[in-house]
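Commentary on secondary and tertiary structure
So the chains spell out like this:
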Amino acid sequence: SEGLDMNPVTNRLFSAAGLGLAATLFLGAKDFPDRAASAARYIFFLAGVLAVLSVIMFFRSEAQSEPQNRWIRSPRHFLVTVAAMAGYGAAIPYLGFFLASALFMPVLALLLDYRRPLFIAIGTGVILLFVYLVFVYFLGVPVPMGIWEG
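The rules behind these values
- In every chain, residue numbers begin from 1 and rise along the written sequence.
- In keeping with the model being predicted, local features are shown solely for residues with a pLDDT of at least 70 and side-chain atom pairs are shown and tallied solely at 80 or more, while totals for entire chains, interfaces and linings include all residues.
- Each side-chain value is worked out from all heavy atoms of the structure, with water and hydrogens disregarded.
- Buried Ala, Val, Leu, Ile, Met, Phe, Trp, Tyr and Cys residues form a nonpolar core when they are joined through side-chain atoms within 4.5 Å.
- When a residue's accessible area, from a 1.4 Å probe over protein chains only, is under 20% of the maximum for its type it is buried; when over 50% it is exposed; and in between it is partly exposed.
- Numbered from the N terminus, helices here are DSSP runs of H or I no shorter than four residues, and strands are runs of E no shorter than two.
- The criterion used for residue contact is that any of the two residues' heavy atoms lie within 4.5 Å.
- Ring pairs are drawn from Phe, Tyr and Trp, using the six-membered ring of Trp, whenever the two centres fall within 6.5 Å, and their geometry is named by plane angle: stacked under 30 degrees, edge-to-face over 60, tilted for the rest.
- For a lysine, the NZ atom is tested; for an arginine, the CZ atom; a charge sits over a ring if that atom is within 6 Å of the ring centre and within 35 degrees of the ring normal.

Quick word on the nonpolar core
One finds V80, A84, Y88, I92, F97, A100, F104, L108, L112, V131 and V143 forming the largest nonpolar core, which totals eleven residues. If you list the elements that add at least two residues to this core, you get α3 (75-95) and α4 (97-111). When near neighbours in sequence (up to four residues on either side) are disregarded, V80 contacts L108, L111 and L112.

Here it is in structure tokens:
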């Protein structure tokens, strides 16, 4: 199916979820150490954009008696992604950022019906290498180490 027309109640629920995620991002970024202030500012910016877009979505769904936009093409994929992200966020403190990410990316890809294991493995490796080089090595941003700490 090309997409699913969402009714105004569903749009309001998804916009409320977006606001909740924005609040979570904002609260999480408040605890960043001082040396990662630029990373925290970026997270604040993303949280702000998400909040603004969620508010727009909320009021657009109020104004339309018959929805014209397809906000979410696959509610199943959306809910799987949200659930996987919640599990990922919960796993990071225990497994560490890199191990949790190395598990999260391929598992989410498989849950979203991607079936190219070599592409998934290479993509995961490239993304994690990029994050390590840019954020950890060059910028010195600390990441949770989980079980690898100490």
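Next comes the rest of the write-up.
Structural notes on the packing of aromatic side chains
Each pair of aromatic rings is reported with the distance of its centres and the angle of its planes. One pass over the structure, following the stated rule, counts seven aromatic pairs. Relative to F104, the ring of Y88 has its centre 4.4 Å away and its plane inclined at 20°; by these criteria the two rings are stacked. Placement of the pair is Y88 in helix α3 and F104 in helix α4, with a sequence separation of 16 residues. Judged by relative accessible area, F104 falls into the buried class, the value being 17%. Considering the side-chain rings of F97 and F98, the 5.0 Å spacing of their centres and the 85° angle between planes classify their relative orientation as edge-to-face. Members of the aromatic cluster, connected to one another through ring pairs, are F97, F98 and Y132. Lying over the aromatic face of F119, R116 brings its terminal NZ or CZ to 5.1 Å of the ring centre.

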